[in-house]
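Structure assessment
Residue-level listing of the chains:
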Amino acid sequence: MALEPLNLTDGKQSDEDKKIQEDLQKSGSVPDHIAIIMDGNGRWAQKKGNIRLHGHKAGVESVRDVTESCAQLGVKYLTLYAFSTENWNRPSSEINGLMKLLVQALRNEADRLNRNDIKLITIGQIERLPAKCQRQLQEVKELTKDNSRMQLCLALSYSGRWDITEAVKHIAHDVQMGDLNPEKIDDQLISSYLSTAAIPDPDLIIRTSGEYRISNFLLWQLAYSELYITETYWPDFRRDELYDGIRSFQKRDRRYGKVRNGHNKSLSATVINQIIS
Ligand code: FPP
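An account of the accompanying structure is given in this report. The structure presented is a predicted model; accordingly, all values stated were derived computationally and were not measured. (Residues numbered from 1 in each chain as written. Predicted model: local features only at pLDDT ≥ 70, side-chain atom pairs only at ≥ 80, totals over all residues.)

Looking now at helix α8 (residues 239-251). Look at α8: 19 Å from first C-alpha to last across 13 residues, which is about the 18 Å you get at 1.5 Å a residue. Among the residues making up α8, those that are buried are R239, L242, G245, I246 and F249. The arc that holds every buried residue of α8, seen down its axis, measures 110°, which confines them to one face. Exposed residues pointing more than 90 degrees away from the buried face of α8 are listed as D240 and K251. (Helix = DSSP H or I, 4+ residues; strand = E, 2+ residues; numbered from the N terminus. Expected span 1.5 Å × (residues − 1). Buried ≥ 20, exposed ≤ 12 C-beta atoms within 10 Å, placed from the backbone. Arc of directions from axis to C-beta.)

This brings us to the pairing of strand β4 (residues 150-158). With eight of nine residues buried, β4 lies mostly within the body of the structure. Where strand β3 (residues 118-123) meets β4, six bridges bridge the pair, whose relative direction is parallel. Among the inter-strand pairings, L120 is bridged to a residue of β4, identified as L152. Where the polypeptide runs from β3 across helix α5 (residues 131-144) and back to β4, its parallel neighbour, the crossover connection is left-handed. (Pairing = 2+ DSSP bridges. Right-handed = clockwise from strand over helix to strand, strands pointing away.)

Quick look at the environment of K141 now. Among the structural elements, K141 can be located in helix α5. Put simply, K141 and G245 are 104 residues apart on the chain and 28 Å apart in space, counted from C-alpha to C-alpha. Sequence-distant contacts of K141, that is, excluding residues within four places in its chain, are made with L120 and I121. (Contact = placed C-beta atoms within 7 Å.)

What follows is the structure, encoded as structure tokens:
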């Protein structure tokens, strides 16, 4: 599919921005999968004396800018925590507003996502969302199903514990039916039963608004993700901060529990005994 310049945001990409992206691509690896806990919409609005929904509305602009810049940079998967299982406990007016915003954003962006070769996928209990929302999601998923530049994964009515619980239920079922030998259960098998089975674990998790917690996000999948936390509220989070997050990621030494290269000299039993005695 021929790619037209991305135009999810209204402006044309500046030469300066192109240069920053080229530099980022040269300075290290761009994460394949970025997952974002978009936080601080409510506080952003309240700080301005507005009701919380204004913050969610402004947050949609950040979603567009970050989606666009991730695709331009060559990120393959972008997962956005748009609505958690716990968010159902918010006032119904806020939930309704959020669902309407989601439907509106999906309607507005469907064509542009498609023209730019971005595939929409979801994780979470989609069946709990209002029917209109489900229909709109289905429509955009269908429209974009063959796209391959980047997958935009919306986590909706999602929680990490829900994901793991569902996987455990399915594993137990398959064991009970005799389709799965319990001895075969390992890391990879568990991953394959999660809602994210078709996508790799996130390389980088970004959280906005300065909270140092994971909030029931991709609990299993984040085992080796790098974390980047910024004080910025989500509606103010734009590509420049995304670039900061990626620069920080590029400086990390991802060891996956191993030792740094060059620090793996083997020790004789005598040396070990001398050190620990
Ligand atoms: C967290 O801020 C944000 C959310 C729960 C919703 C995020 C939704 C959007 C940005 C809009 C729609 C999304 C898409 C994908 C089009 P908060 O309300 O928890 O803020 P607070 O911590 O300041 O209260």
